[in-house]
Amino acid sequence: MILILLGAPGAGKGTQAEKIKVEYNLLHLSTGDLLRAAVADGTELGKLAKDYMNAGKLVPDDVILGIIRDFMKENTGKGVLFDGFPRTVMQAGGLDEILRDEKVRALSLEVDDEQVIKRLSARRVCRECGKVYNPALGINPPKENACECGGEIYQRDDDHAETIANRLKVYHDQTEPVIEYYRGKSQLLIVNGTGTPDEVFGRIREALV
Ligand code: AP5
Ligand code: MG
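Residues numbered from 1 in each chain as written. Chains lettered and ligands numbered in written order. Predicted model: local features only at pLDDT ≥ 70, side-chain atom pairs only at ≥ 80, totals over all residues. Heavy atoms only, no water.

Engineer: Please clarify how the sheet that holds strand S8 (residues 188-192) should be interpreted in this entry.
Structural biologist: Note on sheets: strands pair through backbone hydrogen bonds, and any given pair is parallel or antiparallel. Pairing is parallel in the open sheet, where five strands are placed in the order S2-S3-S1-S4-S8. With partners counted over all chains shown, the strands left at the sheet margins are strand S2 (27-30) and S8, one partner each. With strand direction ignored, the average angle separating the axes of adjacent strands in the sheet is 20 degrees. Relative to strand S4 (residues 104-110), strand S1 (residues 2-7) runs parallel, the two being bridged by six bridges. Along S4, the bridge assignment pairs Ile-4 with Ala-106. Across the sheet, helix H2 (residues 31-41) lies against S2 and strand S3 (80-83), angled at about 65 degrees from S2, the strand it touches most. (Pairing = 2+ DSSP bridges. Helix = DSSP H or I, 4+ residues; strand = E, 2+ residues; numbered from the N terminus. Axes fitted to C-alpha atoms, helices over the stretch in contact; angles between N-to-C directions. Contact = heavy atoms within 4.5 Å.)

Engineer: Explanation requested: the environment of Arg-69 in the structure shown.
Structural biologist: Inspection of the secondary structure puts Arg-69 in helix H4 (residues 61-74). Judged by relative accessible area, Arg-69 falls into the partly exposed class, the value being 42%. (Buried < 20%, exposed > 50% of the residue type's maximum accessible area, 1.4 Å probe, protein only.)

Engineer: It is not clear to me how the site of ligand 1 should be interpreted in this structure. Could you clarify?
Structural biologist: Around ligand 1, the structure places 33 residues, and the nearest of them are Thr-15, Lys-57, Arg-87, Arg-123 and Arg-167. One of the side-chain N or O atoms of Thr-15 is found 2.5 Å from an oxygen atom in ligand 1. One of the side-chain nitrogen or oxygen atoms of Asn-134 is found 2.7 Å away from an oxygen atom of ligand 1. Look at ligand 1: alone it shows 1000 Å² of surface, and the protein chains cover 96% of it. Top element by residues in the shell around ligand 1 is H2. It accounts for four residues. (Near = heavy atom within 4 Å. Polar contact = N/O pair within 3.5 Å; in protein donor to acceptor, adjacent residues only side chain to side chain. Areas by Shrake-Rupley, 256 points an atom, 1.4 Å probe, with all protein chains shown as cover.)

Engineer: Looking at this model, I keep getting lost on the pattern of salt bridges. Mind explaining?
Structural biologist: Where charged atoms from two side chains of opposite charge approach closely, those side chains can pair. The final tally for this structure, using the stated rule, is 14 salt bridges. Two residues, Arg-205 and Glu-23, come together in a salt bridge whose shortest N-O distance is 3.2 Å. With Arg-205 in helix H8 (residues 197-207) and Glu-23 in helix H1 (residues 13-24), this pair connects stretches of sequence that are 182 residues apart. Arg-183 is paired through a salt bridge with Glu-180; the nearest N and O atoms lie 2.9 Å apart. Of this pair, Arg-183 and Glu-180 both sit in helix H7 (residues 161-184), three residues apart, which is roughly one turn of the helix. The partly exposed category is assigned to Arg-183, whose relative accessible area is 44%. Using a relative accessible area of 45% as the deciding quantity, one classes Glu-180 as partly exposed. (Salt bridge = Lys/Arg side-chain N within 4 Å of Asp/Glu carboxyl O.)

Engineer: I would appreciate a short explanation of the nonpolar core in the present structure.
Structural biologist: For soluble globular proteins, the rule of thumb is that nonpolar side chains tend to be buried together. Ranked by internal contacts, the top residues of the largest apolar core, which has 49 residues, are Phe-82, Leu-107, Tyr-182 and Ile-204. When residues of this core are assigned to their parent elements, the largest contribution, seven residues, is made by H4. Not counting residues within four places of it along the chain, the set of residues in contact with Leu-107 comprises Leu-3, Ile-4, Leu-5, Leu-6, Leu-189, Val-191, Ile-204 and Leu-208. (Core = buried A, V, L, I, M, F, W, Y, C linked by side-chain atoms within 4.5 Å.)

Engineer: Help me out: how do you make sense of the side chain of Asp-159 in this one?
Structural biologist: As for its position among the elements, Asp-159 is in the loop between strand S7 (153-154) and H7. Those residues in contact with Asp-159 that sit more than four places away from it in its chain are Leu-120, Ser-121, Arg-123, Ile-164 and Arg-167.

Engineer: Help me understand empty space enclosed by the protein, please; the structure alone is not making it clear to me.
Structural biologist: Unfilled space is identified by rolling a water-sized probe across the atoms. Under the counting rule described, the total for this entry stands at one cavity of 30 Å³ or more. For the largest cavity, the calculated volume is near 50 Å³. Around the largest cavity, the lining residues are Leu-5, Leu-6, Gly-7, Lys-13, Gly-84, Phe-85, Pro-86, Arg-87, Tyr-171 and Thr-175. Secondary-structure elements contributing two or more residues to the lining of the largest cavity are S1 and H7. Residues belonging to the lining of the largest cavity are distributed by class as follows: five nonpolar, three polar and two charged. (1 Å grid on protein atoms, 1.4 Å probe; cavity = no way out; pocket = protein on both sides within 12 Å on 5 of 7 lines; lining within 4 Å. Points joined across faces, edges and corners; volume = space filled by probe spheres on them. Nonpolar A, V, L, I, M, F, W, Y, C, P; charged D, E, K, R; others polar.)

In short, geometric facts, not functional conclusions.
Structure (structure tokens):
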């Protein structure tokens, strides 16, 4: 199965992906996580992506499609969960060319903008292990700002107010048309992304039967 998780920034794609990949035994590819790792490592890809990401803009389609093509070549025949990809209709068409006849389902997590802004402004992440702290979920960062693994807890560079607003605008302008793309191909599932992470996951399981 190829499963695509669509949804606004902060809709809970990463949170749900952790649960889905275990339950359905899928490889998880988050293009955002991959790009952040490239920025942290200072690779050529990271140098190219950094300014786009910090401005809340999308990294160019050809760069992203190159990454996906390489990933699918290395993982032919395996079930994959895409998180944060495709984000433009051009990327969705490119993925279809790469996959050809494989069975694809796209699941859109729906959360309103106000909820997204609250979630993202509160999010803190460990630089080492990636653990997400969010007081809104009762997961508070420890006092010394050190993660349980010892890593530094920080705020993502794109989780500041102005960049969140840009990411939302880019989502509505460029990524929402991707939802229509999959609706047109009868591959779309819609899931309400509000409520606790477990409640949302319960809805995802029902949608995927
Ligand atoms: P990316 O990393 O994909 O970020 P995003 O889509 O903006 O989404 P987030 O990762 O912020 O949110 P999420 O939906 O994963 O939610 P999460 O589970 O973390 O992309 C970053 C950038 O990389 C892009 O802006 C772009 O520049 C570039 N990029 C990436 N892919 C690209 C592509 N394909 N093409 C071009 N450019 C690309 O949850 C968010 C917060 O909410 C957390 O704190 C969490 O604890 C909390 N939360 C989650 N679920 C709940 C719940 N049910 N109730 C309350 N709180 C919750
Ligand atoms: Mg994410």
